[in-house]
Amino acid sequence: MRFDTIIQGGTVVDGSGLPARVADVGIRDGIVTDIGRLHGARRTIAADGLVVMPGIVDAHTHYDPQLTFDPFATSSCFHGVTSVVAGNCGYSIAPCRPADREWMAALFARVEGMSPAVLRQGLPWDWDTFPSLLRALDRRLGVNLAMYVGHSALRRWVMGEAASERAATASEIEAMAALVREAMRAGAAGFTSSHAPTHVDPLGRPVPSRFAEFDEVLALAAAAGEGGAGSIGFLARTAVQGYEAEDRQRIVQLAHASGLPVIVQGMGHRPGQRALWEKQTAFLDEARRQGAAVFSMLRTQPMMRPFNWMRGTSLFDGVFHWRDLQAMPAPERLAAMRDPERRRELRWGLDHPNRDPAQGSTLPPPAMAALYVDRSPADPRAEGRSVAELAAERGQHPADVICDLVVADAGETQFLWNSETPAWLEANAESQRNPHMIIGTGDGGAHADRDDGAEWSTYFLRHWLLERQVMTLEDGVRRLTHLPAMICGLPLRGLLARGYHADIMMFDPTRIRLGRKQLVADLPGGEARWQVRPEGIVRVMVNGEVIVENGALTGARPGRVLRIGNAA
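Everything quoted here is computed from the prediction, not taken from an experiment. Throughout, a residue's number is its position along its own chain's written sequence, starting from 1. Per-residue local features of the predicted model are confined to residues with pLDDT of at least 70, and side-chain atom pairs are confined, for both listing and counting, to 80 or more; whole-chain, interface and lining totals are unaffected and use all residues. To obtain the side-chain values, all non-hydrogen atoms of the structure were used and water was disregarded.

Draft legend 1. Main features of the pairing of strand β24 (residues 545–549). Bridging between strand β23 (residues 537–542) and β24 involves 4 bridges; their strand directions are antiparallel. Of the residues in β24, the one forming a bridge with V540 is V548. Between β23 and β24, which pair antiparallel and follow one another directly, the connecting turn spans 2 residues, one of which, N543, has a positive phi of 50 degrees. As defined by bridge partners, β24 adjoins strand β25 (residues 552–553) across 2 bridges and the pair is classed as antiparallel. When the bridges of β25 are listed, V548 appears paired with L553. Between β24 and β25, which pair antiparallel in sequence order, lie 2 residues; one of them, N550, sits at a positive phi of approximately 50 degrees. At least two bridges found by DSSP between two strands is the condition for calling them paired. To qualify as a helix, a DSSP run of H or I must reach at least 4 residues; to qualify as a strand, a run of E must reach at least 2; elements of each kind are numbered from the N terminus.

Draft legend 2. The pairing of strand β18 (residues 504–507), seen in detail. Each residue gets one of three labels from its accessible area relative to the maximum for its type: buried under 20%, exposed over 50%, partly exposed in between, using a 1.4 Å probe on protein chains only. The alternating pattern of β18 places I504 and M506 on one face and M505 and F507 on the opposite face, and all of these are buried. In this structure, strand β5 (residues 51–54) lies alongside β18, joined through 4 bridges in antiparallel fashion. Residue M53 lies in a different strand from β18, and its bridge partner there is M505. Where β18 and β23 come together, 4 bridges link them in antiparallel fashion.

Draft legend 3. Region of interest: helix α3 (residues 130–137). For α3, a buried count of 7 out of 8 residues is recorded, marking the element as mostly surrounded by other parts of the structure. Every buried residue belonging to α3 is among F130, P131, S132, L133, L134, A136 and L137, and all of these are buried.

Draft legend 4. Quick look at the sheet that holds strand β15 (residues 371–375). The strand order across the open sheet formed by 3 strands is β14-β16-β15, and the pairing between neighbours is antiparallel. Edge positions in the open sheet fall to β14 (304–307) and β15, since each of these has one partner strand only. Taking each pair of neighbouring strands and ignoring which way they run, the sheet shows an average axis angle of 30 degrees. Think of each axis as a best-fit line through the C-alpha atoms, taken over the contacting stretch in the case of a helix, with angles from 0 to 180 degrees between the N-to-C directions.

Draft legend 5. How the structure looks around the environment of L298. Tracing the sequence through the fold places L298 in strand β13 (residues 294–299). In this structure, the C-alpha to C-alpha distance between L298 and G266, residues 32 residues apart in sequence, is 7.0 Å. By definition, residues are in contact when any of their heavy atoms lie within 4.5 Å. Not counting residues within four places of it along the chain, the set of residues in contact with L298 comprises G268, N428, S431, Q432, M437, I438, I439, G440 and T441.

Draft legend 6. Spotlight on the packing of helix α4 (residues 151–159) against helix α5 (residues 170–186). Packing of α4 against α5 brings their axes to within 10 Å, and their N-to-C directions diverge by 125 degrees. With respect to each other, α4 and α5 are oriented oblique. The chirality of how α4 crosses α5 is right-handed. Contacts between α4 and α5 involve H151, L154, R155, W157, V158 and M159 on the former and, on the latter, E172, A175, M176, L179 and V180. Ten residues, namely Ala, Val, Leu, Ile, Met, Phe, Trp, Tyr, Cys and Pro, are considered nonpolar, four, namely Asp, Glu, Lys and Arg, are considered charged, and the remaining ones, Gly among them, are considered polar. Across the contact of α4 with α5, the residue classes tally to 8 nonpolar, 1 polar and 2 charged. Note on terminology: angles under 35 degrees are roughly parallel, angles over 145 are roughly antiparallel, angles of 65 to 115 are roughly perpendicular, and the others are oblique. Each crossing gets its hand from how the near helix is turned against the far one by less than a right angle, where anticlockwise is left-handed and clockwise is right-handed.

Next up, the structure:
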């Protein structure tokens with residue numbers, strides 16, 4: 001037999017951008033060996049009527065904690081993702097000393113919205129250094145993983161508690177640089193850091209990387225560049241505001257110091273902010289002229305985040321008084337929402353969200369016109385209507401509308417933040433056409449308290465490519481597969497071509513769509529998270545083996561750690 005598997009008769013969209021063609025794909029030893037009219041295989045998979053494309057490369061995830069106990073990166077694998085890049089935003093679970101495990105778990109729980117109970121029960125902690133983590137993960141994966149080494153973890157390892165108090169000394173910076181070099185020799189995907197004021201630790205302090213002077217960030221990026229491959233991820237202090245001149249200059253410095261692509265966030269076109277969009281695209285073009293390869297992650301699915309105040313939510317972390325509710329036990333939250341004096345404070349807080357990083361997170365709250373009542377047993381007439389609409393109708397402040405509903409439903413009112421508007425659609429479509437944008441930002445593995453995020457790829461395929469046709473299917477698939485693989489340095493991934501690893505997704509273009517988002521209790525300890533499954537994704541293969549068949553896991557674990565640095 002020439003092949004282990006032939007995928008027969010599908011429409012092959014190979015990830016290169018070339019026109020689709022009906023053909024067979026031959027696989028042997030986990031590698032694509034031929035594409036054409038093929039025969040002679042141990043197994044033949046019929047793909048008539050299906051699109052056969054490379055597995056999706058998700059360049060921005062926080063799956064590193066979850067992958068230690070869930071080898072498939074659920075829910076992303078169900079949406080066709082075969083390779084994930086983790087360790088973003090300066091957060092990686094290695095290096096980590098045994099004495100810092102509780103601190104590390106608490107940091108991920110606070111910053112990335114993960115359940116503390118899940119992290120306590122799920123993480124096996126059979127590693128300490130970055131190389132030992134990669135070795136541990138390589139034995140248990142169902143999907144492929146590339147992983148950055150994160151700045152906050154490096155500072156904690158070298159500086160201990162002082163990492164959350166001050167800038168590093170020259171000797172401490174050199175010790176961190178040595179750890180970066182060690183991580184790159186083991187195959188790290190690069191180095192990431194954050195100066196974002198939205199990132200605070202469980203005590204309300206800036207996360208460790210925010211205490212670093214920029215020269216420290218620059219030195220560690222330069223050390224990562226010695227690894228010869230990969231990328232740098234940097235979340236700047238003014239990313240939310242639109243990148244001030246100093247941060248734009250720093251991004252170019254990081255590219256020049258490392259010789260690697262630099263991936264940022266938040267440079268997409270925001271509705272009503274054309275002048276800012278034009279300034280950002282001018283910067284991206286100028287960076288290219290200066291020899292700096294700068295790319296921005298672009299969220300292409302609207303915020304569709306359900307929550308209730310029984311579980312709590314982090315969506316109001318940047319709002320005075322509202323963020324205090326999150327720290328309360330559920331009965332105390334309800335009592336606070338009943339109390340007239342607390343109501344006054346909540347009204348004021350919603351009108352005056354925090355804009356000072358020294359006062360904590362500056363995360364903007366959901367717009368009340370985009371915050372809907374998804375389910376209210378006590379007031380079904382409110383369902384499907386926005387808080388702003390209900391406030392205008394009732395002559396109330398939006399804070400009172402929220403509190404009245406929550407109290408009446410004993411905390412079980414389900415709200416839904418949905419940012420999809422005609423203006424958002426128009427701005428996002430324009431952003432996607434810019435060659436410096438990376439489609440994605442699902443934040444897979446994070447934010448179990450508010451949003452699975454893994455649905456981004458299915459949403460893109462269904463709504464942007466098949467329905468709105470914002471670009472050709474061929475170019476859209478390239479943007480999901482080969483482009484992020486090249487930017488992140490993933491070897492021989494993202495294409496269906498001879499010699500490339502057989503990471504493959506097959507979907508029915510007539511059926512692919514999202515199901516309904518719901519709470520699913522499938523995490524360690526029976527903890528729940530929001531999850532949405534797709535329809536029409538028929539099969540997902542990793543390294544030539546099927547890991548998802550008709551929406552169900554097969555149990556196969558063919559995934560690998562993708563070693564990007566010197567080890568590649």
